Amino acid sequence: VFNGLRVIAMLWVVIGHSFNLVATLPNDNPTKLGEFLVTYNYAYLYNATLSVDFFFFLSGFFFCLVVLSAPKSRLTWKLYIHRLIRLYPALTFAYISYRYLAPLFSDGPRFFKMAHEGQVDCATLAPYLFFFINNFRPYDINCIGWSWYLANDMQFFVITPIIIYLLWKKPKLGIFTICFLLAASWGSSIYVALKFDIYAPVSYTHLRAHETSLHLVCRLLLEKK
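Structural notes, computed from the coordinates. (Residues numbered from 1 in each chain as written. Predicted model: local features only at pLDDT ≥ 70, side-chain atom pairs only at ≥ 80, totals over all residues. Heavy atoms only, no water.)

### Re the overall build of the protein
Note the cut-off: To qualify as a helix, a DSSP run of H or I must reach at least 4 residues; to qualify as a strand, a run of E must reach at least 2; elements of each kind are numbered from the N terminus. The rule is simple: take the accessible area with a 1.4 Å probe, protein chains only, and divide by the maximum for that residue type; under 20% is buried, over 50% is exposed, in between is partly exposed. Any two residues having at least one pair of non-hydrogen atoms within 4.5 Å are treated as being in contact. Using a 1.4 Å probe, accessible areas were evaluated by the Shrake-Rupley method; residue-level cover was limited to the displayed protein chains.
A tally of helices and strands in the protein yields 9 helices and 2 strands. Seen in sequence order, the protein has helices and strands lined up from the N terminus as α-α-α-α-α-α-α-α-α-β-β. Each of the 225 residues in the protein was classed as buried or not, and the buried ones make up 36%. Taking as baseline every contact in the protein between residues at least 6 positions apart, the subset at least 24 positions apart corresponds to 57%. Looking at the protein as shown, the accessible area adds up to about 14400 Å², and 71% of this sits on carbon and sulfur atoms.

Here is the structure:
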């Protein structure tokens, strides 16, 4: 079941990103783009950001399932150390490739944007990238655009063991904490959607500057550019 849902979510992610890429390129009928997006037939496109949330849910669900099966032996600092050992080599390789190698091989109408991101923005964002807080930076400064997911995932990974510990030691407090966080998330989403007149559902794990005309950034309480 979970593998099937994962496939559906992956297809949804691919479709959403394909549409976003096409929408940012020059086209002959930009006014038509806005017309069909407000119809229910294309709701799956502007709600594609929600597909990413499923992967966060999936990883959190299985993480809690595994840790709660033996919390005493698994709730240790080794969790974080193991996580960093797994992530840093791949992230470092991606950073070096994106900053130093990609500009040398890029070509086409968007070449200069790619070169600027690799040579200028990556130099600025390096500390944020390697501390996994780059999703709190404005979107006009961008290095390895997809790394926002890694930042979100790491932030969730940091706080999840705390919640699991509460569920293990003080179940009532753990459940209250989860309910409080859910209520805060839903309330913040409703507030941002009403205040900034956002029609599509607000996904705090995926809402980035390019997704609204107001240039909202990150998750949590977003800031206006």
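### Some remarks on the packing of aromatic side chains
Using the following cut-off: Only centres within 6.5 Å qualify two rings of Phe, Tyr or Trp (six-membered ring in Trp) as a pair; their planes then separate them into stacked at under 30 degrees, edge-to-face at over 60, and tilted for everything else. In this analysis the charged atom, NZ for Lys or CZ for Arg, is taken to sit over a ring once it is within 6 Å of the ring centre and within 35 degrees of the ring normal.
Considering all chains together, one arrives at 17 aromatic pairs under this definition. Between Phe56 and Tyr149, the aromatic rings sit 4.6 Å apart at their centres with planes inclined by 20°, giving stacked as the arrangement. Pair noted here: Phe56 is in helix H4 (residues 49–69) and Tyr149 is in helix H8 (residues 147–169), with a separation of 93 residues, a long-range link. With centroids separated by 5.8 Å and ring planes inclined at 75°, the aromatic side chains of Trp148 and Tyr149 adopt a geometry described as edge-to-face. Relative accessible area serves as the criterion here: at 9%, Trp148 is assigned to the buried category. Here the aromatic cluster, defined as three or more aromatic residues joined through ring pairs, consists of Phe2, Phe54, Phe55, Phe57, Phe61 and Phe62. In this structure, Arg83 is placed above the aromatic ring of Phe157, and the distance from its NZ or CZ to the ring centre is 4.6 Å.

### A short note on the side chain of Ser51
Among the structural elements, Ser51 can be located in helix H4. Residue classification places Ser51 among the buried residues on the basis of a relative accessible area of 1%. The contact partners of Ser51, leaving out residues within four places of it in the chain, are Ala9, Trp12 and Val13.

### Describing the environment of Lys169
Topologically, Lys169 is positioned in helix H8. A sequence separation of 98 residues divides Lys169 from Pro71, and the C-alpha atoms of the two residues are 9.8 Å apart.

### With respect to the pattern of salt bridges
Selection rule: Salt bridges are defined as contacts in which a side-chain nitrogen from Lys or Arg sits within 4 Å of a carboxyl oxygen from Asp or Glu.
Under the defined criterion, the tally for this structure stands at 1 salt bridge. Its salt-bridge partner being Asp153, residue Arg83 comes within 2.2 Å of it at the nearest N-O pair. Of this pair, Arg83 sits in helix H6 (residues 78–105) while Asp153 sits in helix H8, and the two are 70 residues apart along the sequence. Pair check on accessibility: Arg83 and Asp153 agree, each one buried.

### A short note on a nonpolar patch on the surface
Worth spelling out the cut-off: For patch detection, residues must exceed 30% relative accessible area and be free of salt bridges, and they are connected within 9 Å for like charges or within 5 Å for nonpolar side chains (Val, Leu, Ile, Met, Phe, Trp, Tyr).
There is a patch of nonpolar side chains on the surface, built from Val1, Phe2, Leu5, Ile8, Phe57, Phe61, Phe62, Leu65 and Val66 and spanning about 850 Å² of accessible area. Taken together, the elements giving at least two residues each to the nonpolar patch come down to helix H1 (2–24) and H4. Top element by residues in the nonpolar patch is H4. It accounts for 5 residues. If you trace the backbone, Leu5 turns up in helix H1.

### Things to note about the packing of H6 against H8
The description of two packed helices rests on the angle between their axes and on the distance between the axes. So the rule is basically this: As a rule, the C-alpha atoms of each element are fitted with a line to give its axis, helices using only the stretch in contact, and angles between N-to-C directions run from 0 to 180 degrees. When an angle is under 35 degrees it counts as roughly parallel; over 145 it counts as roughly antiparallel; between 65 and 115 it counts as roughly perpendicular; any other value is oblique. Polar here means any residue outside two lists: the nonpolar Ala, Val, Leu, Ile, Met, Phe, Trp, Tyr, Cys and Pro, and the charged Asp, Glu, Lys and Arg; Gly therefore counts as polar.
Following both chains from N to C, one finds H6 and H8 inclined at 170°, their axes separated by 11 Å at the closest point. Judged on the interaxial angle alone, H8 and H6 are roughly antiparallel. Contacts between H6 and H8 involve Leu79, Tyr80, Arg83, Leu84, Leu87 and Leu91 from the first element and Leu150, Asp153, Met154, Phe157, Val158 and Pro161 from the second. Tallied by class, the residues present in the contact of H6 with H8 amount to 10 nonpolar, no polar and 2 charged.

### Comments concerning the side chain of Arg83
For clarity, the cut-off: Here a polar contact is recorded for every N or O atom pair within 3.5 Å, except that within protein the pair must consist of a potential hydrogen donor and a potential acceptor, and residues adjacent in sequence are included only if both atoms are side-chain atoms.
Taking relative accessible area as the criterion, Arg83 reaches 11% and is therefore assigned buried. Engagement of the side chain of Arg83 in a polar contact is seen with the side chain of Asp153, the distance being 2.2 Å. Setting aside residues up to four positions removed in sequence, Arg83 forms contacts with Asp153, Met154 and Phe157.

### Concerning the nonpolar core
What tends to happen in soluble globular proteins is that the nonpolar side chains get buried as a cluster. Definition in use: We define the nonpolar core as a collection of buried residues of types Ala, Val, Leu, Ile, Met, Phe, Trp, Tyr and Cys that are connected through side-chain atoms lying within 4.5 Å of one another.
Formed by 13 residues in total, the largest nonpolar core has its most connected members in Tyr95, Leu129, Cys143 and Ile144. Those elements that provide at least two residues to this core are H6 and helix H7 (111–130). If you tally residues by element for this core, the top one is H7, at 5 residues. Not counting the four nearest positions on each side in its chain, Tyr95 is found in contact with Cys122, Ala123, Ala126, Leu129, Phe130, Cys143 and Ile144. Ala9, Val13, Leu58 and Trp148 belong to the second-largest nonpolar core, a separate cluster that totals 8 residues.

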